[in-house]
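Below, each chain spelled out in residue letters.
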Amino acid sequence: MNEQTTPAETRRAPVLPDAQTVTHVKHWTDRLFSFRVTRPRSLRFRSGEFVMLGLPDDNGKPILRAYSIASPSWADELEFYSIKVPDGPLTSRLQHIKPGDQIILRPKPVGTLVHDALLPGKRIWFFATGTGIAPFASLVRDPETYEKYDQVILTHTCRNVADLEYGRQLVEGLKDDPLIGEFVGDKLTYYPTTTREESPKMGRITDLLKDGTVFRDLGIEGLDPDVDRAMICGSLAFNKDMQVILEDAGLREGANSDPKEYVVEKAFVG
Ligand code: A2P
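Source: prediction; values computed, not measured. Each residue is numbered by its place in its chain's sequence as written, counting from 1. Where totals are concerned, whole chains, interfaces and linings use all residues; where local detail is concerned, this predicted model gives features only for residues with pLDDT of at least 70, and gives and counts side-chain atom pairs only at 80 or more. Side-chain calculation: all heavy atoms of the structure are included, whereas hydrogens and water are not.

A. View of the overall build of the chain. A helix here means a DSSP run of H or I that spans at least four residues, while a strand means a run of E at least two residues long, and both kinds are numbered starting from the N terminus. Scanning the chain from N- to C-terminus turns up nine helices and eleven strands. Only the C-alpha atoms count toward the radius of gyration. The rule for a globule is 2.2 Å times the residue count to the power 0.38. Computed over C-alpha atoms, the radius of gyration of the chain comes to 19 Å, within 12% of the 18 Å expected from 2.2 N^0.38 for 270 residues, which places it in the range of a compact globule. Taken over the C-alpha atoms alone, the chain extends approximately 60 × 35 × 35 Å along its principal axes. Each residue is placed in one exposure class: buried if its accessible area under a 1.4 Å probe, protein chains only, is under 20% of its type's maximum, exposed if it is over 50%, and partly exposed if it falls in between. In the chain, which comprises 270 residues, the proportion classed as buried is 51%. Here the open area of atoms and residues is found with the Shrake-Rupley method and a 1.4 Å probe, where only the protein chains shown may cover a residue. With the model as given, the accessible surface of the chain reaches about 12800 Å², and the carbon-plus-sulfur share is 50%. Residues scored as charged are limited to Lys and Arg (positive) and Asp and Glu (negative), so that His and the chain ends carry no count. Working definition for charges: the position is that of NZ of Lys, CZ of Arg, CG of Asp or CD of Glu. Side-chain charges in the chain split into 34 positive and 40 negative, and the spacing between the mean points of these groups amounts to 5 Å.

What follows is the structure in structure tokens.
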């Protein structure tokens, strides 16, 4: 935390427990925004994990939701990517935050979308819909991802082209990033698709996997449990459909305590 701003911030909002200060807000569409906050000095997390964050309600009671940390574990600040739900208890308020505001952040990271939950492999797939890209925004900026795998494939399916922009800019900036660029090299493949607006690649990723389009496009024979590892993050229906595809290919669901070939987690939606 910036020592010069601490006394002023404390005077302005002294009551929030686990308070962090908003440093940056970007609105991507009328339904999507990202923001950064100061990082608690004690917070250590593994890329892909989430924390509980939120704001107090009118009575001062915290409204907290699970948010994947979108920034890499080496970054000074914490980044999050959120949907705006007009009547959502939290996001209807959270979408109005500005730099200098305070939010509540419980510094206890957890989650299954972590490298520890997967057995060693050669190729890793990050399958996301909507704001489900957030944990992968962290993982694609983590050197460990490139140390562990020869190929990293990030798929992102959204309704409209504008919904892809956060991920597109993130990936575009990676190659030239002074910290992570040399790890990324040519290992990262980005595969964005849209379902409700014309774009170079249309369709649900699930359909494009089932009909073989993805494999033809990427010059891959198919999913192989000896080679492929996967992480899934999106809506409940998406996660279930992806799990069927991976299980049919012989991949099994892993956990921190029992690493296997894929892991899954629901994206924050409310
Ligand atoms: P679709 O437009 O065909 O519903 P949402 O904004 O509703 O969370 O959806 C985000 C993206 O995820 C949309 O492109 C949507 O496609 C896609 N999607 C939703 N459900 C599934 C599913 N079960 N399998 C694959 N993609 C899905």
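Let's pick the thread back up.
B. Local environment of a positive patch on the surface. Patch building starts from residues that exceed 30% relative accessible area and form no salt bridge, then joins like charges within 9 Å and nonpolar side chains (Val, Leu, Ile, Met, Phe, Trp, Tyr) within 5 Å. Whenever Lys or Arg places a side-chain nitrogen within 4 Å of a carboxyl oxygen from Asp or Glu, that contact is recorded as a salt bridge. Together, Arg31, Arg159, Arg196, Arg204 and Lys210 give the surface a local cluster of positive charge. Here arginine 204 is to be found in the loop between strand 9 (188-194) and helix 7 (205-210). Judged by relative accessible area, which is 52%, arginine 204 ranks as exposed.

C. Fine view of the sheet that holds strand 8 (residues 151-158). Spatial ordering of the open sheet is given by 9-8-7-10-11, a layout of five strands whose pairing is parallel. Every interior strand has two partners, whereas the edge strands, strand 9 and strand 11 (262-266), have only one. Put simply, the sheet's adjacent strands are angled 10° from each other on average, direction ignored. Each of strand 8 and strand 9 is contacted by helix 5 (residues 165-174), which is oriented at about 160° to strand 9, the strand it contacts most. Two residues qualify as a contact provided that any one of their heavy atoms is within 4.5 Å of a heavy atom in the partner residue. Geometry is summarised by axes, namely lines fitted to C-alpha atoms with helices restricted to the contacting stretch, and by angles between N-to-C directions that run from 0 to 180 degrees. In this fold helix 9 (residues 236-248) packs onto strand 7 (123-129), strand 10 (228-234) and strand 11, with an angle of close to 165° to the strand it touches most, strand 10. Two strands pair under a simple rule: DSSP has to find at least two bridges between them.

D. Spatial organisation of the packing of aromatic side chains. Aromatic rings from Phe, Tyr and Trp, taking only the six-membered ring of Trp, are treated as a pair when their centres fall within 6.5 Å; an angle between ring planes under 30 degrees marks them as stacked, one over 60 as edge-to-face, and anything in between as tilted. Applying the stated rule across the entire model yields nine aromatic pairs. Both rings, one in tyrosine 67 and one in phenylalanine 80, keep their centres 6.2 Å apart while their planes meet at 85°; by these two values the pair is edge-to-face. One end of the pair, tyrosine 67, is in strand 4 (residues 62-68); the other, phenylalanine 80, is in strand 5 (residues 77-83), with 13 residues separating them in the sequence. Both residues of the pair, tyrosine 67 and phenylalanine 80, belong to the buried class. With 5.4 Å between their ring centres and 10° between their planes, tryptophan 125 and phenylalanine 127 make a pair best called stacked. By relative accessible area, phenylalanine 127 is classed as buried at 0%. Here the aromatic residues Phe33, Phe35, Tyr67 and Phe80 are joined through ring pairs into a cluster of three or more.

E. Representation of the side chain of arginine 141 in the model. Note on placement: arginine 141 falls in the loop between helix 3 (134-139) and helix 4 (143-148). Taking the relative accessible area as the measure of exposure, arginine 141 reaches 12% and is therefore buried. Side chain to side chain, arginine 141 and glutamate 79 meet in a polar contact 3.2 Å long. For arginine 141, the residues in contact, after removing those within four places along its chain, are Ala70, Ser71, Pro72, Trp74, Glu79, Tyr166, Leu170, Leu174 and Ile180. Under the rule applied, a polar contact is a pair of N or O atoms within 3.5 Å (in protein, one hydrogen donor and one hydrogen acceptor; residues adjacent in sequence only if both atoms are side-chain atoms).

F. Quick peek at the site of the ligand. Here a residue counts as near a molecule or strand whenever at least one of its heavy atoms sits within 4 Å of it. Close to the ligand lie Thr129, Thr157, Cys158, Arg159, Thr195, Arg196, Arg204, Thr206, Ser235, Ala237, Phe238 and Asp241. Measuring from an oxygen atom of the ligand, one finds a backbone N or O atom of cysteine 158 at 3.2 Å. A distance of 2.9 Å separates an oxygen atom of the ligand from a polar atom in the side chain of arginine 159. Relative to its free-state accessible area of 550 Å², the ligand is covered by the protein chains to the extent of 80%. Note on definitions: the grid is 1 Å and covers protein atoms alone; a cavity is a set of points where a 1.4 Å probe fits but cannot get out; a pocket is an open set with protein on both sides within 12 Å along at least five of seven lines; lining residues have an atom within 4 Å of a point. Pocket occupancy is defined atom-wise: a molecule lies in a cavity or pocket when more than half of its atoms are within 2 Å of its grid points. Assessed atom by atom at 2 Å from the grid points, the ligand resides in the largest pocket. Of all the secondary structure elements, the ones that give two or more residues to the shell around the ligand are strand 8 and helix 9. When residues of the shell around the ligand are assigned to their parent elements, the largest contribution, three residues, is made by helix 9. Its residues placed into classes, the shell around the ligand shows three nonpolar, five polar and four charged. Under this grouping Gly is polar, as are all residues other than the nonpolar Ala, Val, Leu, Ile, Met, Phe, Trp, Tyr, Cys and Pro and the charged Asp, Glu, Lys and Arg.

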